[in-house]
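# What the coordinates show
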Amino acid sequence: MTTENKMGTMPVGKLLIQISLPIMISMFVQALYNIVDSIFVAKLSTDALTAVSLAFPIQNLMISAGVGTGVGINALLSMRLGQKNYKAVTQTALNGIFLVIITIVLFIILGITIPHAYLKSQTSNMQIVELGTDYLEICMIFCFGLFLAITFERLLQSTGRTVLSMISQLAGAITNIILDPVMIFGLLGFPAMGIKGAAWATVIGQITGALISIILNIKINKEINFNPKGFKPQSKIIIDIYKVGIPSILLGSIGSVLTYLLNLILGAFSTVAIAVYGVYFKLQSFVFMPVFGLNNGIVPIVAYNFGAKYKKRIIDSIKMCALVALIIMGVGTLIFEVFPTQLLAMFSPNEEMLEIGIPALRIIAIHFPLAAIGITFTSVFQAFGRGFLSMCVSFIRQIFALLPSAWLLSLTGNINNIWWAFVIAELISLIACIFAMKNVYKTQIKQL
C-alpha cells in the first residue's frame, strides 16, 4: 500500500487520456440513452415530450444531489490517496455511502408526495400533467439505482479505475436503450406502457449499473475496505465531503430552478417552446457530457497531485484539459450551426417545433466554446476543495445573468431573442471564472 499511485507518476497526457477517456465514452453513451428516451417518447405525442421536459428539473435535482456528493467523496478520497492515508480513504468511502442512503430516503418521500403538484404549477394542460406525473413518480420512488450507481462509479474513478466505471455506466445505458422501445410500445411480449414504460426502462437501467459498480468495487477496488463492521458516521469527514459536495449540489440545484423558471417564461409563448428547450437539453448533452467526463477525470488527478505537492503536474493537467474541452465544444458548435434541422428531425417535430427549434439551436450553440473554459476551471476549483467558487460562478451565470436576460429578452415578444441569454450569461461567467482561477493559482498552486 506504499506504492505511488499512477496519478503521481504517469505522464500527464497519457494519464488524462487513461483516466478521462473511459468516463467520456460512458457519459457520451449516457447522453445517447437520454436522447433515445426522448425520441421514443416523442413518437407517442408532443404532449408526452413536453411532459418529460417538464419533469427534467426534478430529475436533474436528483442527479445533482448524487453527483455533488460524489464529487465531494471523489476529491477528499483522492487527496487522502495522495497523502498515503489509507485508513482515511476507507472512512471517506463509508461515510459517503451513508450520506447517499439518507439522500435516497429523502427523494423516495418526495416522489410519493410532490410530482402532481409540481407539474400542475407549470401548465394548465391536464394531459401533460398526468403524463408527467406517471413518469416522475416512477423515476423518484425507484431512485436508489441512480444514487448508488453514481456513488460507486465515483469511488472507482477516485482510485483511477475509470475503465471499470465505464463498464458499469455502459451496462446501465445499454439496458435503458434496449428496454425503451420494448416497454414503451409493448414488444417481445411486454405490455405497451407508454410514458410509464420510458420511466421503467430508465430505473431498470440505473439499477443494473448500480449492481455492476457495487460488485466491481467490492471485488477489485482494493484501496477501499467496504466492510461496514464497526462503522460510525464521522462528522469531520461528512463536513469535509460536503465542503466540496454542497456547493456542487447547489450548482445542479440552481440549474433545476433555472430550467423550471425558463419553462414558465417559454410556456407563455407555447408548450411547444418548452418541448424545444427540452430537446435542446438532450442534444447539447452529446457535446457537454464528454466534456464533463473529461473534467470528472481531472478532479482526482489534480486533487492527488495537490495532496502530493506536484505543482508542474497540476498546471500541465489543467492546460491539457482546457485545450481538449475547447476542441470538443468547437466541433459541437459546428454541428449545431450546420445541421439543426437534421438534429430536430429525430424528435418527430411538427412545423411549429421546427420554426422555434432551428434558430434556438443555432443561437445557443455559440456559447459552447466559452463554456469549455468555465467547466474546466470549476472542476479545478472542486479538486482544490474550493467548491464555493464553483457555486459562486454558477450563481453568477444562471441567477444573475441567464435568468434576468431571458426574462428581459422575452419582453420583446420574439421568442428567438430569449436564446441569446445563454451567450450573454456564458460571457459573464467566463470573466468570473478567470478572476476565480487567478485567486486559486495565487493562493494554492503558486505556493507549492
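Our subject is the structure listed above.
Every value quoted in this text rests on a predicted model; they were computed, and no experiment measured them.

Reading the values: the criteria
- Every chain's residues receive numbers from 1 upward, in the order its sequence appears when written.
- Owing to the predicted nature of the model, reporting of local features is limited to residues with pLDDT of at least 70; listing and counting of side-chain atom pairs is limited to 80 or more, with chain, interface and lining totals taken over all residues.
- To obtain the side-chain values, all non-hydrogen atoms of the structure were included, while hydrogens and water were left out.
- By definition, any uninterrupted DSSP run of H or I lasting at least four residues is a helix, any uninterrupted run of E lasting at least two residues is a strand, and each is numbered from the N terminus.
- Within this document, salt bridges are pairs made up of a side-chain nitrogen of Lys or Arg and a carboxyl oxygen of Asp or Glu, the two lying within 4 Å of each other.
- Categorising residues by exposure relies on relative accessible area from a 1.4 Å probe, with only protein chains included: less than 20% of the type maximum marks a residue as buried, more than 50% marks it as exposed, and the intermediate range marks it as partly exposed.
- Two cysteine sulfur atoms make up a disulfide if the distance between them is within 2.5 Å.
- Under this scheme, a helix contributes an axis fitted over its contacting stretch, all axes are lines through C-alpha atoms, and angles between N-to-C directions fall in the 0 to 180 degree range.
- Under this scheme an angle from 65 to 115 degrees is roughly perpendicular, one under 35 degrees roughly parallel, and one over 145 degrees roughly antiparallel; angles in between are oblique.
- Throughout, a crossing is termed right-handed when the near helix is turned clockwise from the far one, and left-handed when it is turned anticlockwise from it by less than a right angle.
- A contact between two residues is defined here by any heavy atoms of the two lying within 4.5 Å.
- Here the nonpolar group is Ala, Val, Leu, Ile, Met, Phe, Trp, Tyr, Cys and Pro; Asp, Glu, Lys and Arg are the charged ones; every other residue, Gly included, is treated as polar.
- What is meant by a nonpolar core is a set of buried Ala, Val, Leu, Ile, Met, Phe, Trp, Tyr and Cys residues, joined one to another through side-chain atoms within 4.5 Å.
- Patches in this entry comprise residues that are over 30% relatively accessible and not in a salt bridge; like charges within 9 Å are linked, as are nonpolar side chains (Val, Leu, Ile, Met, Phe, Trp, Tyr) within 5 Å.
- All accessible-area figures derive from a Shrake-Rupley calculation using a 1.4 Å probe, and residue coverage is judged against the displayed protein chains alone.

Moving on, we get to the environment of Ile 25. Along the polypeptide, Ile 25 turns up in helix α1 (residues 12-44). For Ile 25 and Met 166, which are 141 residues apart along the polypeptide, the C-alpha to C-alpha distance reads 7.3 Å.

Considering all chains together, one arrives at four salt bridges under this definition. The salt bridge partner of Lys 243 is Asp 240, with a shortest N-O separation of 3.7 Å. Highlighted residues: Lys 243 and Asp 240, both in helix α9 (residues 235-267), separated by three residues, approximately one helical turn. We classify Lys 243 as exposed; its relative accessible area is 51%. Asp 316 serves as the salt-bridge partner of Lys 312, at 2.7 Å between the closest nitrogen and oxygen. Highlighted residues: Lys 312 and Asp 316, both in helix α11 (residues 311-338), separated by four residues, approximately one helical turn. Take Asp 316: its relative accessible area is 25%, and that puts it in the partly exposed class. By sharing partners, the salt bridges in this structure join Lys 236, Asp 240 and Lys 243 into a single network.

Glancing now at the state of the cysteines. Taken as a whole and judged by the stated rule, the model has zero disulfides. Distance from the sulfur of Cys 139, which forms no disulfide, to the nearest cysteine sulfur (Cys 143) is 9.8 Å. Of all cysteine sulfurs, the one in Cys 392 lies closest to Cys 433, which takes part in no disulfide; the gap is 11 Å.

The geometry of helix α6 (residues 144-158) relative to helix α7 (residues 162-185) is characterised by a closest axis approach of 7 Å and an angle of 160° between their N-to-C directions. Judged on the interaxial angle alone, α7 and α6 are roughly antiparallel. For the pair α6 and α7, the sense of crossing is left-handed. Of the residues in α7, those in contact with Glu 153, Leu 156 and Gln 157 of α6 are Thr 162, Leu 164, Ser 165, Ser 168 and Gln 169. Here the contact of α6 with α7 is composed, by residue class, of two nonpolar, five polar and one charged.

You can call Asp 240 buried: its relative accessible area is 15%. Ignoring sequence-local partners within four residues, the contact set of Asp 240 consists of Leu 76 and Arg 80.

Of all hydrophobic cores here, the largest spans 115 residues; its most connected members are Ile 318, Met 329, Phe 336 and Trp 419. Here the element with the most residues in this core is helix α10 (residues 271-307); it accounts for 19 residues. When residues no more than four places from it in sequence are discounted, the contact partners of Met 329 are Val 287, Phe 288, Val 291, Phe 368, Pro 369, Ala 371, Ala 372 and Ile 375. Leu 81, Ile 97, Leu 155 and Ala 308 belong to the second largest nonpolar core, which has 18 residues in total.

Bringing the environment of Ile 19 into the picture now. Assignment of secondary structure puts Ile 19 in helix α1. Overall, Ile 19 belongs to the buried group, its relative accessible area being 0%. In the structure, Ile 19 is positioned 282 residues away from Ile 301 in sequence and 8.4 Å away in space, judged by C-alpha atoms.

As a further point, take a nonpolar patch on the surface. Nonpolar side chains collect at one region of the surface, where Leu 323, Ile 327, Val 331, Leu 334, Ile 335, Val 338 and Phe 339 lie side by side and expose about 650 Å² of accessible area between them. Along the chain, Ile 327 turns up in helix α11. The exposed category is assigned to Ile 327, whose relative accessible area is 52%.

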